[in-house]
Each structure stands twice: as structure tokens, then as C-alpha cells.
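Remarks on the overall topology
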Amino acid sequence: MFLTISALALLGLLLALLLRFKAVGIGTAVVAVLFGFYLSRTGAAESIDQVMTALADAVRDLGN
């Protein structure tokens, strides 16, 4: 893995700031894609996938 966790944290912080200050544009899209791409290559990817699956199941069960 070329990026370290600190670089991943930096991308996440940059994305959060861009969204906070509503600086929506092509730069925000690039940062979001890079953040997601590098996040998927970490050990957190499996945990995030499990959380998202659980949330999707919970939303689906709310309708029943």
C-alpha cells in the first residue's frame, strides 16, 4: 500500500472540510473518489462493509 493511514486521514479531513464549507466542485469529487479508493484498501474496508450491510438490512426491516 503506497499511502499510509496518516495520508488517508489527511484526505478524509480535506473531504470533510470541503463538504463543510460547501466547496462543491470537481476538486471535491476527486478528493471523495481518492478517499474512497484508498479507504477500500485498508483494514477498515471489511468493517465499513459490515456496517453498511447492517444499516441496509435495518432500513429494509423498517418497512415490514
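Just above sits the structure.
Before going into details, it helps to say that this report is about the structure given with it. Please read all numbers here as calculations on a predicted model, not as lab measurements.

Quick look at the overall build of the chain now. Across its full length, the chain holds three helices and zero strands. Each helix (α) and strand (β) of the chain, taken in turn from the N terminus, gives the series α-α-α. For the chain, buried positions account for 12% of its 64 residues. Surface exposure of the chain reaches about 5,100 Å², of which carbon and sulfur atoms provide 71%.

In this section: the pattern of salt bridges. For the structure on display, the rule yields one salt bridge. Measuring nitrogen to oxygen at the nearest pair gives 3.0 Å for the salt bridge that ties Arg60 to Asp57. Note that Arg60 and Asp57 are positioned in helix 3 (residues 44–62) at a spacing of three residues, about one turn of the helix. With a relative accessible area of 53%, Arg60 lands in the exposed category.

In this fold, Gly36 is placed in helix 2 (residues 26–39). Under the relative-accessibility criterion, Gly36 is labelled partly exposed at 35%.

On the secondary structure map, Leu18 appears in helix 1 (residues 5–20). Between the C-alpha atom of Leu18 and that of Ala32, which follows or precedes it by 14 residues, the distance is 9.7 Å. Leave out the neighbours within four places in its chain, and Leu18 touches Ala23, Gly27, Thr28 and Val31.

Reading guide: rules and limits
Residues numbered from 1 in each chain as written. Predicted model: local features only at pLDDT ≥ 70, side-chain atom pairs only at ≥ 80, totals over all residues. Heavy atoms only, no water. Helix = DSSP H or I, 4+ residues; strand = E, 2+ residues; numbered from the N terminus. Buried < 20%, exposed > 50% of the residue type's maximum accessible area, 1.4 Å probe, protein only. Areas by Shrake-Rupley, 256 points an atom, 1.4 Å probe, with all protein chains shown as cover. Salt bridge = Lys/Arg side-chain N within 4 Å of Asp/Glu carboxyl O. Contact = heavy atoms within 4.5 Å.

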